[in-house]
Amino acid sequence: MTQTLYTRFMARIERGEKIEAADWMPDDYRQLLLRLIHMHAVSEIMGAYPEKEWVPRAPTLRRKLSLMAKVQDEIGHGQLLLRVAEDLAEPLGRTRDDLMRDVMTGRVKFHNVFHLEAPTWADAGIIGWLVDGAAIITQTALLDCSYGPYARVLRRICAEESFHMQHGESIILTLAEGTPAQREMLQEALERWWEALLFFFGPPEVTASARKMMEYRIRSRTNEELRQKFLSRYVPRIRAVGLRIPDSRLRFDEETGRWTYTEPDWERLGRMVRENDGPKSRERIGLRRRAHEEQAWVRDALVRAGHAAMV
Amino acid sequence: MRSGGVANGAGAAASRPGHEVYEVFVQSSALEPHTHVGSVLAPSAEWALQVARENFARRGTAVNLWVVRRRDIAATPADDGDFFVREFDRTYREVSGYSDNARRWKRFKARAMTMDEVMDDVRGG
Ligand SMILES: [Fe+2]
Ligand SMILES: [Fe+2]
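The rules we used
- Residue numbering note: each chain is counted from 1, following its sequence as written.
- Following the order in which they are written, the chains are lettered starting with A and the ligands numbered starting with 1.
- Since the coordinates come from a predicted model, pLDDT governs what is reported: local features require at least 70, and pairs of side-chain atoms require 80 or more to be given and counted, while whole-chain, interface and lining totals use all residues.
- With hydrogens and water excluded, all non-hydrogen atoms of the structure serve as input to the side-chain values.
- Stacked, tilted and edge-to-face pairs are distinguished by plane angle, under 30 degrees for stacked and over 60 for edge-to-face with tilted covering the rest, among Phe, Tyr and Trp rings (Trp via its six-membered ring) whose centres lie within 6.5 Å.
- Only DSSP runs of H or I covering at least 4 residues are called helices, and only runs of E covering at least 2 are called strands; the numbering of each starts at the N terminus.
- Working definition: with a 1.4 Å probe on protein chains only, accessible area under 20% of the residue-type maximum means buried, over 50% means exposed, and in between means partly exposed.
- Each cavity reported here is a set of points on a 1 Å grid over the protein atoms alone in which a 1.4 Å probe fits but cannot get out, each pocket an open set with protein on both sides within 12 Å along at least five of seven lines, and each lining residue one with an atom within 4 Å of a point.
- Grid points are joined across faces, edges and corners, and a volume is the space filled by probe spheres set on the points.
- Each residue gets one of three labels, nonpolar for Ala, Val, Leu, Ile, Met, Phe, Trp, Tyr, Cys and Pro, charged for Asp, Glu, Lys and Arg, and polar for the others, Gly among them.
- Two residues qualify as a contact provided that any one of their heavy atoms is within 4.5 Å of a heavy atom in the partner residue.
- A simple way to read buried area is as the amount of 1.4 Å-probe accessible surface that goes missing from two parts once joined, with both sides added.
- Salt bridges, as used here, are contacts in which a Lys or Arg side-chain nitrogen is within 4 Å of a carboxyl oxygen on Asp or Glu.
- As used in this structure description, the phrase polar contact means that two N or O atoms lie within 3.5 Å; if the pair is within protein, one of them must be able to donate a hydrogen and the other to accept it, and residues adjacent in sequence are counted only when both atoms belong to side chains.
- Any nitrogen, oxygen or sulfur atom within 2.8 Å of a metal ion counts as a donor, with the limit raised to 3.2 Å for Na, K and Ca, and since water is left out, coordination shells can look unfinished.
- pLDDT gives the predictor's per-residue confidence on a scale running from 0 to 100.
- Labels for metal geometry use angle windows, namely 85 to 135 degrees for all angles of a four-donor tetrahedral site, and for square planar (four donors) or octahedral (six donors) sites opposite donors over 155 degrees apart plus all others within 65 to 115; sites meeting none of these are irregular.
- Paired strands are those between which DSSP finds at least two bridges.
- Axis angles are defined between N-to-C directions and span 0 to 180 degrees, where every axis is a line fitted to C-alpha atoms and, for a helix, only to the segment in contact.
- To qualify as a nonpolar core, a set must consist of buried Ala, Val, Leu, Ile, Met, Phe, Trp, Tyr and Cys residues joined through side-chain atoms within 4.5 Å.
- Under the convention used throughout, the expected extent of a helix is 1.5 Å for every residue step, that is, one less than its residue count.

1. A short note on the packing of aromatic side chains
Link 1 in the chain: Tallying each qualifying case throughout the model produces 15 aromatic pairs over all chains.
Link 2 in the chain: With a centroid separation of 6.1 Å and 65° between ring planes, the pair formed by A:Trp54 and A:Trp121 is classed as edge-to-face. A residue pair is termed long-range when its members are at least 10 positions apart, and A:Trp54 in the loop between α2 (27-52) and α3 (61-89) and A:Trp121 in helix α5 (residues 121-140) qualify at 67 residues. The pair A:Trp54 / A:Trp121 is uniform in exposure class, with both members buried.
Link 3 in the chain: Here B:Phe83 and B:Phe84 contribute two aromatic rings whose centre-to-centre distance is 5.0 Å and whose plane-to-plane angle is 75°, an arrangement assigned as edge-to-face.

Encoded structure:
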């Protein structure tokens, strides 16, 4: 029975059909998707924290407005993605509340870049330009995902990301056009983020679960392919605005058509994600917990009001 | 918000005993959202789907249909403009609010990036 269901499922995948929430799917398809989308959702939410730290300190009113709009978008992306994750988690007996609590217990990880400090306004610029730039590349690579609800939500997200792209570019252009002190601040921020940006795409080896995801057409590009795309798109622009990339081995090999670079410290940065021991991990998770707990009464009140309205 | 809706200004009551109004949503491809196309009058959801197929999916492509009882739809009042009011200029949220980026990149002898170009690059070759 399961065998025929599986054969039929794989035939659908191979025909390029989209799988919907209520369709039969193999357990490992559900698990792989849930892990991916849960982490994606939580990373959108935790990703708003480093930027929100800059909302009160943004240099102009317009920058404050655009930063707030961006923070709002990222939380919104988290909401859209959580909904998709919830439908996948439902047959496993897990709820929205479980998915949110997993952040606090460390059961779900979030992207390495959101564990780091953003000490200057230039860091806010680098996040908007390069962290979003990297995230845009990984997200566009998932637009053809075989799971329909995820693919559709990613379309909306990518449409909003085009504003994030302009927002980030605008901040770094202003700093790059600015005083020597502003340019120096931008250079220092780039140095802080570079290694983490390379790490963001994940290790170059194609792991067993990555291979499985490709078989299921959840994703179609390897980590290394995406990192190479990022380097091709951004290295020339980073250099054009007069910044020095802190990697003396970085170069484009004309023969292989690939970038060579110094590998990030996989072990150290990996531990930061696994154990939540980055410079800001604990503090941001603490803020998340506080928000979750202090707003519990609002969620309860809404449920009570809903029941009252029904009688 | 209101529920038990009188969507599009029509009465909630069906104009034939034992029937109900169902709003119809068509999905034209698996990557598109369901789009509202109109309504049908039917004695059951199953029948509404049949009628909806005949009325709205005779040509063109459809991969999925939804029918939703009109009285189950909650909608904003049609005459409440305040619900969607924009208090001030919001171009800072739009790509169009950053049209000077292209000119500024040019001064650095580089080109502004667009989302479409990234999509083609990453999904294509
Ligand atoms: Fe986002
Ligand atoms: Fe973003």
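2. Remarks on the layout of surface pockets
Link 1 in the chain: Reported here for the second largest pocket is a volume of approximately 560 Å³.
Link 2 in the chain: Taken together, 19 residues form the lining of the second largest pocket, with A:Glu20, A:Pro149, A:Arg152, B:Gln27 and B:His34 sitting closest to its centre.
Link 3 in the chain: Sorting the residues of the lining of the second largest pocket by element identifies α6 (148-176) of chain A together with β3 (64-69) of chain B as the ones contributing at least two each.
Link 4 in the chain: Per-element tally for the lining of the second largest pocket: the top contributor is α6(A), with five residues.
Link 5 in the chain: The class makeup of the residues in the lining of the second largest pocket is nine nonpolar, three polar and seven charged.

3. Some remarks on the interface of chain B and chain A
Where interface size is given, it is often the accessible area lost as the parts come together that is meant.
Link 1 in the chain: Between chain B and chain A, the residue contacts involve 33 residues of the former and 39 residues of the latter.
Link 2 in the chain: Carbon and sulfur atoms supply 57% of the area buried between chain B and chain A, which totals about 3500 Å² over both sides.
Link 3 in the chain: We note a salt bridge from A:Lys229 to B:Asp121, for which the minimum N-O separation is 3.0 Å.
Link 4 in the chain: Seen at the junction of chain B and chain A, the total is 15 residue pairs in polar contact (both at pLDDT 80 or more).
Link 5 in the chain: For the side of chain B that touches chain A, the elements supplying multiple residues, two or more each, are α2 (100-107) and α3 (115-123) of chain B.
Link 6 in the chain: Element by element, the count of residues in the side of chain B that touches chain A is highest for α3(B), at seven residues.
Link 7 in the chain: Looking at the side of chain B that touches chain A, its residues break down into 16 nonpolar, seven polar and ten charged.

4. A word on the coordination of the iron ion (ligand 2)
Under ideal tetrahedral coordination, the four donors around a metal are separated by 109.5 degrees; under ideal octahedral coordination, the six donors are separated by 90 or 180 degrees.
Residues and elements named next belong to chain A.
Link 1 in the chain: For the iron ion (ligand 2), every protein donor is listed as Glu 74 (OE), Asp 132 (OD), Glu 161 (OE), Glu 161 (OE) and His 164 (ND1), and the spread of their distances is 2.1 to 2.4 Å.
Link 2 in the chain: Written as a sequence motif, the donor arrangement for the iron ion (ligand 2) is E-x57-D-x28-E-x2-H.
Link 3 in the chain: Between the iron ion (ligand 2) and the iron ion (ligand 1) the interatomic distance comes to 3.4 Å, and Glu 74 is a ligand of both metals. Taken together, the residues Glu 74 in helix α3 and Glu 161 in helix α6 connect sequence positions 87 residues apart.

5. Let's talk about the confidence of the model for chain B
All names here are of chain B.
Link 1 in the chain: Per-residue confidence for chain B averages 88 on the pLDDT scale, and 88% of its residues sit at or above 70.
Link 2 in the chain: Here residues 1-11 is a poorly scored stretch, pLDDT under 50, and it has 27 contacts once near neighbours within four places are set aside; other chains count.
Link 3 in the chain: Across the interfaces of the predicted complex, the ipTM metric reaches 0.86, alongside a pTM of 0.92.

6. What about the coordination of the iron ion (ligand 1)?
Residue and element names in this part refer to chain A.
Link 1 in the chain: Here the iron ion (ligand 1) is held by the protein donor atoms Glu 44 (OE), Glu 74 (OE), His 77 (ND1) and Glu 161 (OE), which lie 2.0 to 2.4 Å from it.
Link 2 in the chain: Given four donor atoms and angles of 83 to 167° at the metal, the environment of the iron ion (ligand 1) is assigned as irregular.
Link 3 in the chain: Residue class for Glu 161 comes out buried when judged on its relative accessible area of 2%.

7. As for the sheet that holds strand β2 (residues 35-42) of chain B
All names here are of chain B.
Link 1 in the chain: Reading across from one edge, β2-β1-β3 is the order of the three strands in this open sheet, with antiparallel pairing throughout. Taken across any chain shown, the strands that pair with only one partner, and hence form the sheet edges, are β2 and β3. The sheet shows a mean angle of 30° between the axes of neighbouring strands, taken without regard to direction.
Link 2 in the chain: Here strand β1 (residues 20-27) runs beside β2; their pairing, made up of seven bridges, is antiparallel. Residue Val 26 lies in a different strand from β2, and its bridge partner there is Thr 35.
Link 3 in the chain: Taken strand by strand, helix α1 (residues 45-56) contacts β1, β2 and β3, and its axis lies near 120° from that of β2.

8. What about the nonpolar core?
Link 1 in the chain: Grouped together as the largest cluster of nonpolar side chains are 103 residues, with contacts concentrated most on A:Tyr29, A:Tyr147, A:Trp194 and A:Phe230.
Link 2 in the chain: Here this core takes twelve residues from α5(A), the largest share from any one element.
Link 3 in the chain: The contact partners of A:Tyr147, leaving out residues within four places of it in the chain, are A:Ile19, A:Glu20, A:Ala21, A:Met25, A:Tyr29, A:Leu33, A:Ile37, A:Val84 and A:Leu88.
Link 4 in the chain: Within the second largest apolar cluster, eight residues are counted, among which are B:Ala42, B:Ala48, B:Ala52 and B:Val67.

9. Details of α6(A)
Link 1 in the chain: Compared with an ideal rise of 1.5 Å per residue, which puts 29 residues at 42 Å, α6(A) spans 41 Å between its outermost C-alpha atoms and is within 8% of the ideal.
Link 2 in the chain: Summarising burial for α6(A): 24 of the 29 residues are buried, a large majority.

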